[in-house]
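# Coordinates in review
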Amino acid sequence: MPNQLTAADFVSLRMQYKATRAEGEWPAVIEHDFDQGRMVDHYFVVPGPALLEEEAVRDLGEVAGLLFLQQPDGAPWQVLLHETAMVREVCFEMTDPEFRRLLDANHLALPGEPGFQMP
């Protein structure tokens with residue numbers, strides 16, 4: 001199983017303003033640093049077919065959520081997928097440039113960062 005994800009592994013990413021999600025969306029959280037500290041934001045993400053085909057992801061069964069976790073000093077982001085009982089997870093890495101491509105592809109900037117706008 002490859003442990004590196006790219007922006008192409010996701011169809012879409014959007015900020016969560018209501019608990020209502022569209023078919024195929026997973027709840028997602030992005031935990032990231034900004035000038036005043038650390039922030040946690042809620043999103044919905046649609047995984048791409050290649051990610052859904054990963055054996056480790058299929059073995060999880062129903063995915064309850066996904067966490068994009070920024071690491072210090074430019075280290076790759078950790079991307080954790082949790083199954084519904086929150087007992088098992090699968091962890092991938094995503095480089096910061098790939099994570100930024102995912103944001104750009106969805107016309108997003110993280111709160112606390114330049115370019116952020118409330119929709």
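Residues numbered from 1 in each chain as written. Predicted model: local features only at pLDDT ≥ 70, side-chain atom pairs only at ≥ 80, totals over all residues. Heavy atoms only, no water.

### A few points about the overall build of the protein chain
To keep things clear, this is the line we draw: In this description a helix means any DSSP run of H or I spanning at least four residues, a strand means any run of E spanning at least two, and both kinds are numbered starting from the N terminus. Atoms counted for the radius of gyration: C-alpha only. Globule rule: 2.2 Å times the number of residues to the power 0.38. Every accessible area reported is derived by Shrake-Rupley at a probe size of 1.4 Å, with residue values counting cover from the shown protein chains alone. Asp and Glu count as negative and Lys and Arg as positive, but His and the ends of the chain are not part of the count. To locate a charge, the coordinates of NZ of Lys, CZ of Arg, CG of Asp or CD of Glu are taken.
Helix and strand content of the protein chain: three helices and six strands. When the helices and strands of the protein chain are read in sequence order from the N terminus, they spell out β-β-β-α-α-β-β-β-α. For 119 residues, the compact-globule formula gives about 14 Å, and the C-alpha radius of gyration of the protein chain, at 14 Å, lands near that figure. Seen along its three principal axes, the alpha-carbon backbone of the protein chain occupies a region of about 40 × 35 × 25 Å. Total accessible area on the protein chain is roughly 6,700 Å²; 52% of this is exposed by carbon and sulfur atoms. Positive and negative charge centroids in the protein chain, built from 8 and 20 side chains respectively, lie 5 Å apart.

### Notes on the sheet that holds strand S6 (residues 89-94)
Condition: Strand pairing is assigned whenever DSSP identifies at least 2 bridges connecting the two strands. Lines fitted to C-alpha atoms define the axes here, with helix axes fitted over just the stretch in contact, and angles between the N-to-C directions of these axes take values from 0 to 180 degrees. Contact between two residues is taken to exist if any of their heavy atoms lie within 4.5 Å; hydrogens are not considered.
As summarised here, the arrangement of the six strands in space is S1-S3-S2-S4-S5-S6, forming an open sheet in which the pairing is mixed. One side of each edge strand has no neighbouring strand; the edge strands of this open sheet are strand S1 (10-15) and S6. If you compare each strand with its neighbour and ignore which way they point, the axes differ by 25 degrees on average. Here helix H3 (residues 96-105) sits on the sheet in contact with S1, strand S2 (26-34), strand S4 (63-69), strand S5 (77-83) and S6, set at roughly 95 degrees to S6.

### Some words on the packing of aromatic side chains
What counts, and what does not: Whether two aromatic rings pair depends on their centres lying within 6.5 Å, for rings of Phe, Tyr and Trp, where Trp uses its six-membered ring; planes under 30 degrees apart make the pair stacked, over 60 edge-to-face, and the rest tilted. Only protein chains enter the calculation, and the probe is 1.4 Å; a residue is then buried if its accessible area is under 20% of its type maximum, exposed if over 50%, and partly exposed in between.
Scanning all chains against the criterion turns up three aromatic pairs. For the pair Trp77 and Phe99, a centre-to-centre distance of 3.8 Å together with 20 degrees between the ring planes defines the contact as stacked. Residue Trp77 is found in strand S5, and its partner Phe99 is found in helix H3; the two are separated by 22 residues along the sequence. Classification of Trp77 by relative accessible area gives buried; the value is 0%. Judged by relative accessible area, Phe99 falls into the buried class, the value being 0%. An aromatic cluster of at least three residues, connected via ring pairs, comprises Phe10, Phe68, Trp77 and Phe99.

### As for H3
What counts is decided by this rule: Note that the arc is computed from the directions linking the helix axis to the C-beta atoms.
Taken as a whole, H3 has its buried residues at Glu98, Phe99, Leu102 and Leu103. Projected down its long axis, H3 carries its buried residues within an arc of 145 degrees, all on one side. Looking at H3, the residues exposed on the side facing more than 90 degrees away from the buried face are Asp104 and Ala105. Contacts made by the buried residues of H3 are with S1, S2, S4, S5 and S6. Residue His107 follows H3 closely and has a positive phi angle near 55 degrees.

### Details of the nonpolar core
Spelled out, the test is: The term nonpolar core refers to a set of buried residues drawn from Ala, Val, Leu, Ile, Met, Phe, Trp, Tyr and Cys, joined through side-chain atoms within 4.5 Å.
Within the largest apolar cluster, 28 residues are counted, with the highest numbers of intra-cluster contacts made by Phe10, Leu66, Phe68, Leu81 and Met94. Setting aside residues up to four positions removed in sequence, Leu66 forms contacts with Phe10, Trp26, Pro27, Ala28, Val29, Val45, Val79, Leu80 and Leu81.

Keep in mind these numbers describe shape, not what the thing actually does.
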